[in-house]
Amino acid sequence: QSFLGEVIKLSSQKTVKVLVAREKIHPVAQKPIVKHKNFLVHDPESKSVVGDIVRIDSLASKIGKKKNFVLAQITVPAARFFEDETGQMFTQ
């Protein structure tokens, strides 16, 4: 399985929390409903930041108790800018 989602939190080293939203049509009202779920994802290089749109892939074996997915690629990177004086990176 693979999903597209947005990085919402940098949980710990090499781990990010990704929000995956799916749109579904209600069977009676025929209106779109947005269902979402949070996944803990293994990010081996720690490249992603909050706001990135990423593709995640499932693994055959679990990495941890709650980690079943690995970061496949960053499809749409978040806006990143650096402060000139300190060289610190900001994303929002």
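The structure under discussion appears in the preceding block.
As the structure is a computational prediction, the values presented were derived from the model and not from experiment.

Draft legend 1. How the structure looks around the packing of aromatic side chains. Tallied over the full model, the rule gives 3 aromatic pairs. Three or more aromatic residues link up through ring pairs in this structure, and these residues are Phe-3, Phe-39 and Phe-69.

Draft legend 2. Layout of the sheet that holds strand β2 (residues 15-25). Spatial strand order, β1-β2-β3-β5-β4: 5 strands in a closed barrel with mixed pairing. Strand after strand, the sheet turns through a mean of 50° between neighbouring axes, direction not considered. Pairing of β2 with strand β3 (residues 32-42), which is carried by 11 bridges, proceeds in the antiparallel orientation. The residue bridging Thr-15 from the neighbouring strand is His-42, located in β3.

Rules used in this analysis
- Residues numbered from 1 in each chain as written.
- Predicted model: local features only at pLDDT ≥ 70, side-chain atom pairs only at ≥ 80, totals over all residues.
- Heavy atoms only, no water.
- Phe/Tyr/Trp six-rings, centres within 6.5 Å; stacked < 30°, edge-to-face > 60°.
- Pairing = 2+ DSSP bridges.
- Helix = DSSP H or I, 4+ residues; strand = E, 2+ residues; numbered from the N terminus.
- Axes fitted to C-alpha atoms, helices over the stretch in contact; angles between N-to-C directions.

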